[in-house]
Amino acid sequence: MTRRADEDELAAREAEALDRAAAARDADRDADRVVSPLADADDRVIETALRPKRLADFVGQQRVRDQLSLVLESAVRRGRPPDHVLLSGPPGLGKTTIAMIIAAELGTPMRITSGPAIERSGDLAAVLSTLTEGEVVFIDEIHRLARPAEEMLYLAMEDFRVDVVVGKGPGATAIPLDIAPFTLVGATTRSGLLPAPLRDRFGFTAHMDFYQPAELEIIIRRSAGLLGVTLRDDGAAELAGRSRGTPRIANRLLRRVRDYAEVKGNGVVDRAVARAALELYEVDEQGLDRLDRAVLDALIRRYGGGPVGLSTLAVLVGEEAETVEVVAEPFLVRRGLLARTPRGRVATPAAWEHLGLTPPEGSTGPGGLTGPGMPTLFD
Ligand code: ADP
């Protein structure tokens with residue numbers, strides 16, 4: 001097989017594995033919003049082409065990049081696999097990309113799976129027992145790993161050993177099996193749910209943060225180049241401002257706006273085209289979409305700004321509580337539009353203003369919330 005065909009086949013297999021892992025991961029969530037940070041099937045195909053392949057091409061997350069580059073370089077010098085790496089942070093910020101970069105920088109193959117895809121410890125044993133030395137194993141959404149698999153992983157991470165159970169019931173025996181030294185890269189959107197014994201077994205933990213608009217602009221320009229889209233600087237800036245600090249959303253908005261530019265314009269993406277297209281997709285200047293506005297609207301118009309419990313809020317907007325919590329809330333909180341309090345969710349004065357309303361007397365902003373319903377010293 002030629003090198004080119006080899007690479008193509010590898011890319012196809014990689015996309016397939018990602019697809020399976022992500023489908024299992026996202027089966028119970030909604031990913032059809034244009035500003036959803038979760039990947040849909042289209043995204044997964046395109047993302048393979050847009051992923052930076054080396055650390056030097058990865059934009060932003062400077063501290064993570066610097067630290068990781070040290071970890072990798074010293075491992076290469078010692079000729080040993082690096083410590084296990086835990087990547088935490090919201091979806092769409094580049095955790096899978098970093099995992100692939102780690103394998104590429106080490107020049108090793110990589111196995112891709114996800115917590116929900118490993119239903120039994122046998123599934124994990126099948127992966128671990130067929131590793132070659134130094135391989136990178138990527139487990140996405142690692143906090144959703146089933147308990148028995150998680151326990152198998154402890155031993156594997158620490159001693160490069162698994163206990164394979166043969167037989168069933170009282171006659172079952174555990175046969176210890178040595179496995180090749182490997183590097184586990186775990187990714188999680190909910191590091192708080194990770195059991196301490198698992199967290200402690202990672203030698204290097206990196207937290208990925210939302211991106212600055214200037215960084216997103218670079219990412220969008222790079223993607224436009226790869227997709228053959230003519231993108232003006234003001235168009236890139238407009239898209240970056242509406243991408244919720246998330247490269248996956250930036251890349252998706254770019255594709256939607258490109259479609260619009262091709263059908264309604266001359267194919268060039270500038271500020272005016274970006275604005276018109278995103279208006280059509282109901283993504284506003286701050287990157288809020290219909291669900292975000294529905295959450296704020298329910299809080300403010302139905303409950304005078306809150307506090308409202310998560311499940312009530314979810315019912316009001318017709319979504320699963322987890323979707324509201326994982327998909328809409330982190331961004332609203334980060335933007336200072338919503339606050340989580342012990343008594344429920346509260347709209348901040350900025351949220352009232354965002355909906356074109358006047359905040360009630362006494363509310364002074366996200367840092368000094370004193371609005372009606374806010375817990376006070378005497379609550
Ligand atoms: P996660 O695993 O955190 O959900 P991914 O690694 O799948 O996120 O990234 C989603 C998309 O965003 C990919 O297409 C990737 O190319 C792009 N992306 C993420 N981070 C960066 C970055 N720092 N530079 C360029 N593209 C990025």
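Please read these numbers as outputs of a predicted model, since none were measured by experiment.

Let us look at helix 9 (residues 233-241). Three or more residues of helix 9 are buried, namely G235, A236, E238, L239 and A240. Looking at the buried residues of helix 9, the elements they touch are helix 8 (213-227), strand 8 (230-231), helix 10 (247-264), strand 9 (268-269) and helix 11 (271-280).

The N-to-C vectors of helix 8 and helix 10 enclose an angle of 50 degrees; their axes lie 10 Å apart at closest approach. Considering the angle they form, helix 8 stands oblique to helix 10. Here the hand of the crossing between helix 8 and helix 10 comes out right-handed. Touching L216, I219, I220, S223, A224 and L227 of helix 8 are P247, A250, N251, L254 and R258, all from helix 10. Classifying every residue of the contact of helix 8 with helix 10 gives 8 nonpolar, 2 polar and 1 charged.

The subject of this paragraph is the site of the ligand. In the neighbourhood of the ligand, 19 residues make up the surrounding shell, with E47, G94, K95, T96 and T97 lying closest. Among the secondary structure elements, those contributing two or more residues to the shell around the ligand are helix 2 (41-50), helix 4 (95-106) and helix 10. In terms of residue class, the shell around the ligand is built from 9 nonpolar, 6 polar and 4 charged. Looking at the shell around the ligand, you find at least three residues from each of domain 1 (61-207) and domain 2 (213-280).

Reading across the sheet, the 5 strands line up as 2-3-6-1-7 and stay open at both edges, with parallel pairing between neighbours. Looking at strand neighbours, the two that pair on one side only are strand 2 (110-114) and strand 7 (204-207), the edges of this open sheet. Averaged over all neighbouring strand pairs, the angle between strand axes comes to 15 degrees, with direction disregarded. Where strand 2 and strand 3 (residues 136-140) come together, 5 bridges link them in parallel fashion.

Looking at the protein as a whole, the pLDDT averages 87, with 87% of positions reaching at least 70. Scored below 50 in pLDDT, residues 364-379 makes 30 contacts in the model with residues more than four places away or belonging to other chains.

With respect to the element layout, V269 can be found in strand 9. Through-space distance from the C-alpha of V269 to that of D233 is 9.1 Å; in sequence the pair is 36 residues apart. Ignoring any residue separated from it by four or fewer positions in sequence, one finds V269 in contact with V229, T230, L231, R232, G235, V257, R258, A261 and A274.

Judged by nonpolar contacts, the single largest core of 37 residues is most densely connected at L87, A99, I102, V136, F138 and V185. When residues of this core are assigned to their parent elements, the largest contribution, 6 residues, is made by helix 4. Other than its neighbours up to four places away in sequence, V136 contacts A99, I102, A103, L106, T108, M110, T183 and V185. In this structure, I220, L254, V257 and V283 belong to the second largest nonpolar core, which totals 23 residues.

Calculation rules
Residues numbered from 1 in each chain as written. Predicted model: local features only at pLDDT ≥ 70, side-chain atom pairs only at ≥ 80, totals over all residues. Buried ≥ 20, exposed ≤ 12 C-beta atoms within 10 Å, placed from the backbone. Helix = DSSP H or I, 4+ residues; strand = E, 2+ residues; numbered from the N terminus. Contact = placed C-beta atoms within 7 Å. Axes fitted to C-alpha atoms, helices over the stretch in contact; angles between N-to-C directions. Parallel < 35°, antiparallel > 145°, perpendicular 65-115°, else oblique. Left-handed = near helix turned anticlockwise from the far one by under 90°. Nonpolar A, V, L, I, M, F, W, Y, C, P; charged D, E, K, R; others polar. Near = placed C-beta within 6 Å. Domains from an automatic or database assignment. Pairing = 2+ DSSP bridges. pLDDT = per-residue confidence, 0-100. Core = buried A, V, L, I, M, F, W, Y, C linked by C-beta atoms within 7 Å.

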